[in-house]
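Chain by chain, the residues run as shown.
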Amino acid sequence: MSVSDLSSRTVLVTGATSGIGHQTARLLAERGATVLVHGRTAEEAHAATDRLITLADIDEARLHPLGADFTRLEEVERLAHRVLAEHPRLDVLVNNAGMAAPERHTVTADGNEIAFQVNFLAHYLLTHLLEPALTSDPGGRVVNVSSVLHRTGSIQWNDPNRVRRYSRLAAYAQSQLALTVFAADPRVTAVSVHPGICTTSLLPLYAHEGVAPAEGAAHVVRLCDPATEIVNGAYYDRDQRVTPAPIALEERSVKRLTKLADLLVGQNA
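Residues numbered from 1 in each chain as written. Predicted model: local features only at pLDDT ≥ 70, side-chain atom pairs only at ≥ 80, totals over all residues. Heavy atoms only, no water.

Looking now at the nonpolar core. Counting 46 residues, the largest nonpolar core has L12, F70, L90, F120, L126 and L130 as its most contacted members. At 10 residues, the largest contribution of residues to this core is made by helix 4 (residues 114-129). Among all residues touching L130, those that are not within four sequence positions of it are L12, A80, V83, L84, L90 and L93. One finds A25, V92, V191 and V193 within the second-largest nonpolar core, a separate group that totals 30 residues. (Core = buried A, V, L, I, M, F, W, Y, C linked by side-chain atoms within 4.5 Å. Buried < 20%, exposed > 50% of the residue type's maximum accessible area, 1.4 Å probe, protein only. Helix = DSSP H or I, 4+ residues; strand = E, 2+ residues; numbered from the N terminus. Contact = heavy atoms within 4.5 Å.)

Set out below in structure tokens:
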């Protein structure tokens, strides 16, 4: 397969300090893209870019470290405003940052169940705040790094924070299902992808062993490439387009999720 040059593209990768996100940033930068490397703190983001410069021999000018803790929505807003100011045209947003839901029910300062906020709500807010940059030129796209576990999930519409019944697997699956449904939002062209089971911090949720994160990252990068044609709302299992959970195909559910997310992140869209 010929590898297209991405030197005219600017891509923001969330959760780019380790695992699939870090390898995605590396592969994009190696192909010439300008990569905004997001980490939980500015220090972690700088350390990740330093590793890419030193170990992968990537040109420092192509990498821009950015910090924002997704357990605090005000930091997500600050991140978006900085990106808009510095990069008014953004070609791709890779919504990759993720966490396993903790054993105990945990709520953020914003009042949301932590996995639902970090894995979905923060990305929902970031995507909509960055909409002007993603749509300033035709062809802007969003790639949501989701999970095959979205098929086991259900969105508790009346109790999204799972106050009444909490299980870490159910909370994680709900966050991945919401991210997958969100890809069908008509405001920005988006797809979601299960990158395969990789040896990252999330591995214990899936299996005992997985493939190298770079292998998963290659499936993400393929969807960032304008040479790969995408359909809004499509879901991929690695490099194959497959049908997602039925709820992700229901227009009513997409609208309902938008309404719920706007409420939880305090947006009056």
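Structure's up, so let's keep going.
Another aspect to go through is helix 2 (residues 42-55). The end-to-end C-alpha separation of helix 2 is 20 Å, in line with the 20 Å expected for 14 residues at 1.5 Å each. Those residues of helix 2 that sit buried are A45, A48, T49 and L52. The buried residues of helix 2 all sit within an arc of 95 degrees when viewed along its axis, so they share a single face. Exposed residues on helix 2 whose side chains face more than 90 degrees from its buried face are E43, T54 and L55. In this structure, the buried residues of helix 2 make contact with helix 1 (19-30), strand 2 (34-39) and strand 3 (63-67). Count one or two residues on from helix 2 and you reach D57, which has phi positive near 55 degrees. (Expected span 1.5 Å × (residues − 1). Arc of directions from axis to C-beta.)

Examined against the element boundaries, N161 turns out to sit in the loop between strand 5 (141-145) and helix 6 (168-182). Counting along the chain gives 47 residues from N161 to I114, while the straight-line C-alpha distance between them is 8.4 Å. Non-local contacts of N161, meaning those with residues more than four positions away in its chain, are made with H105, G111, N112 and E113. A distance of 3.1 Å separates the side chain of N161 from the backbone oxygen of G111, its partner in a polar contact. (Polar contact = N/O pair within 3.5 Å; in protein donor to acceptor, adjacent residues only side chain to side chain.)

To continue, consider the pairing of strand 1 (residues 10-13). Side-chain positions along a regular strand alternate between the two faces of the sheet. Going residue by residue along strand 1, you find T10 and L12 tucked away on one face and V11 and V13 tucked away on the opposite face as well. Here strand 1 pairs with strand 2 via 4 bridges, running parallel. Across the sheet, L12 pairs through a bridge with L36, a residue of strand 2. For the segment spanning strand 1, helix 1 and strand 2, crossover handedness is right-handed. Here 3 bridges tie strand 1 to strand 4 (residues 92-95), and the two strands are oriented parallel to one another. Across the sheet, the residue bridging to L12 is L93, located in strand 4. (Pairing = 2+ DSSP bridges. Right-handed = clockwise from strand over helix to strand, strands pointing away.)

With that out of the way, let us pick up the environment of G233. As for its placement among the helices and strands, G233 is situated in the loop between helix 7 (213-224) and strand 7 (235-237). With residues near it in sequence (within four places) discarded, G233 still touches A183, A184 and A190.

It is worth spelling out the pattern of salt bridges at this point. Within this structure, the stated rule accounts for 12 salt bridges. Between E103 and R168 there is a salt bridge, with its nearest N and O atoms 3.5 Å apart. Of the two residues, E103 sits in the loop between strand 4 and helix 4 while R168 sits in helix 6, which places them 65 residues apart along the sequence. Judged by relative accessible area, which is 30%, R168 ranks as partly exposed. (Salt bridge = Lys/Arg side-chain N within 4 Å of Asp/Glu carboxyl O.)

Moving on: the sheet that holds strand 8 (residues 240-242). Spatially, 8 strands are ordered 3-2-1-4-5-6-7-8 in an open sheet, and the strand pairing comes out mixed. A single partner strand is all that each edge strand has here, and the edge strands are strand 3 and strand 8. Along the sheet, successive strands turn relative to each other by an average axial angle of 25 degrees, direction set aside. Two elements, strand 6 (residues 190-194) and strand 7, share 3 bridges in a ladder whose sense is parallel. Bridge assignment links H194 to a residue of strand 7, and that residue is D237. Sheet strands in contact with helix 3 (residues 73-86) are strand 1, strand 2 and strand 3, and its direction is about 155 degrees off that of strand 3. Across the sheet, helix 4 is in contact with strand 1, strand 4 and strand 5; its angle to strand 4 comes to roughly 170 degrees. (Axes fitted to C-alpha atoms, helices over the stretch in contact; angles between N-to-C directions.)

Right, let's get into the packing of helix 4 against helix 8 (residues 251-265). Direction vectors running N to C along helix 4 and helix 8 enclose 95 degrees, while the axes themselves pass 10 Å from each other. As judged from the angle between their axes, helix 4 and helix 8 are roughly perpendicular. Contacts between helix 4 and helix 8 involve F116, F120, L121, Y124 and L125 from the first element and L257, T258, L260, A261, D262, L264 and V265 from the second. Grouping the amino acids of the contact of helix 4 with helix 8 by side-chain chemistry returns 10 nonpolar, 1 polar and 1 charged. (Parallel < 35°, antiparallel > 145°, perpendicular 65-115°, else oblique. Nonpolar A, V, L, I, M, F, W, Y, C, P; charged D, E, K, R; others polar.)

Before going further, it helps to examine unusual backbone geometry. The phi dihedral of D57 falls on the positive side, at around 55 degrees, and the residue is not glycine. Note that D57 resides in the loop between helix 2 and strand 3. Owing to a relative accessible area of 68%, D57 belongs among the exposed residues under this scheme. Of note in the backbone geometry, R238 takes a positive phi value of approximately 55 degrees without being a glycine. Using a relative accessible area of 40% as the deciding quantity, one classes R238 as partly exposed.

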